[in-house]
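Each chain, letter by letter, is given below.
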Amino acid sequence: INFTARLVNSPTIPHKLSFLNNHDTTVSIVEFDSSDYADMEALRDAAQDWATRGCKYAEQIYDNALSGSKYTDVIQNHYYGLTTQTADFHKIRPNNILGLMMFAETENPENEIMLLEVDPKTNHSKRFNREYKQVGRKLVEHIQEKYNDKGIIVWSDYNARNFYKKLGFKQTCKETPCELHWSNNNEVRGK
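All residue numbers refer to positions counted from 1 along the written sequence of the respective chain. Local features in this predicted model are restricted to residues whose pLDDT is 70 or higher, and side-chain atom pairs enter the listing and the counts only when it is 80 or higher, whereas totals over whole chains, interfaces and linings include all residues. Here the side-chain values reflect all heavy atoms present in the structure, with hydrogen atoms and water set aside.

*Asks:* Explanation requested: the packing of helix H1 (residues 37–51) against helix H2 (residues 58–67) in the structure shown.
*Replies:* At a minimum axis separation of 8 Å, H1 and H2 run at an interaxial angle of 155°. In terms of axis orientation, H1 runs roughly antiparallel to H2. Remark: the crossing between H1 and H2 carries left-handed chirality. For the pair H1 and H2, contact is made by Met40, Leu43, Arg44, Ala47, Gln48, Trp50 and Ala51 and by Ala58, Glu59, Ile61, Tyr62, Ala65 and Leu66, respectively. Classifying every residue of the contact of H1 with H2 by side-chain character gives ten nonpolar, one polar and two charged. To get an axis, fit a line to the C-alpha atoms, keeping to the stretch in contact for a helix; angles then go from 0 to 180 degrees between the N-to-C directions. Segments assigned H or I by DSSP are reported as helices when at least four residues long, segments assigned E as strands when at least two residues long, and all are numbered from the N terminus. Under this scheme an angle from 65 to 115 degrees is roughly perpendicular, one under 35 degrees roughly parallel, and one over 145 degrees roughly antiparallel; angles in between are oblique. Here is the rule for handedness: rotate from the far helix to the near one, and if that takes an anticlockwise turn smaller than a right angle the crossing is left-handed, while a clockwise turn gives right-handed. We call two residues contacting when some pair of their heavy atoms lies within 4.5 Å. Lys, Arg, Asp and Glu make up the charged group, whereas Ala, Val, Leu, Ile, Met, Phe, Trp, Tyr, Cys and Pro make up the nonpolar group; the residues left over, Gly among them, are polar.

This is the structure:
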């Protein structure tokens, strides 16, 4: 049994080497173990660093993982990170973490992306010329593949709605434009 962050996927993302030179690089999606000190230390350090550069969700992800709290309809919270680290997952290096996600398996008809944040030095909304691309996309695609037996809901930031829509999420109610739903069969579950 592995009680530290474990590798769950190894996608490739575009890595900008120079102004006109991009290269696909293999990265790792890991699941943090909230009971492991090293995992929580890496999550804390990344969240605190990002907060100093304007991120607003990474610290909430860390706080939730630390407290272990969950809503009554949540079966299990998962804390995922996308990192450039490709080995030694017993000691995740915070400066290699590019994205974080809190995902909840629920008793409801849909699971939920609770929080998603990308390192501000590679976040599209904060930097036009960024070193890595598709960080958030790869995290969302991972859960779409792994948890495709149920739909997925997200309460998106207003400015992130198009990001989710490009990944197949749909708005089902015009009164709640930030509530988006995804289903494996491309049908949107209504209310």
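*Asks:* Sorry, what's going on with the sheet that holds strand S10 (residues 179–182) here?
*Replies:* Sheets are built from strands paired through backbone hydrogen bonds, the pairs being either parallel or antiparallel. Two strands qualify as a pair provided DSSP detects at least 2 bridges between them. Pairing is mixed across the open sheet formed by eight strands, whose spatial order is S1-S4-S5-S6-S7-S8-S10-S9. Each edge of the sheet is formed by a strand with only one pairing partner; in this case those strands are strand S1 (6–9) and strand S9 (170–171). Sheet analysis places strand S5 (residues 74–83) next to strand S6 (residues 97–106), joined by nine bridges and oriented antiparallel. Bridge pairing links Asn77 to Ala104 in S6. Against the sheet, H1 makes contact with strand S4 (28–31), S6 and strand S7 (110–118), and its axis sits at roughly 115° relative to S6, the strand it touches most.

*Asks:* Honestly, H1 in this entry has me stumped. Any pointers?
*Replies:* At 3.6 residues per turn, the α-helix brings residues three or four places apart onto the same side. Here H1 is 15 residues long and its end C-alpha atoms lie 21 Å apart, about the 21 Å a rise of 1.5 Å per residue gives. Those residues of H1 that are buried are in contact with S4, H2, S6 and S7. A helix is expected to span 1.5 Å multiplied by its residue count minus one.

*Asks:* What should I look at first to understand the pairing of strand S8 (residues 151–155) in this one?
*Replies:* Along a regular strand, successive side chains alternate from one face of the sheet to the other. Only protein chains enter the calculation, and the probe is 1.4 Å; a residue is then buried if its accessible area is under 20% of its type maximum, exposed if over 50%, and partly exposed in between. Burial within S8 is extensive, with four of its five residues counted as buried. Alignment of S7 against S8, held across four bridges, turns out to be parallel. In the strand pairing of S8, Glu112 is matched with Ile153.

*Asks:* Teacher, can you tell me more about the side chain of Lys138 here?
*Replies:* One can find Lys138 in helix H3 (residues 135–146). Residue class for Lys138 comes out buried when judged on its relative accessible area of 17%.

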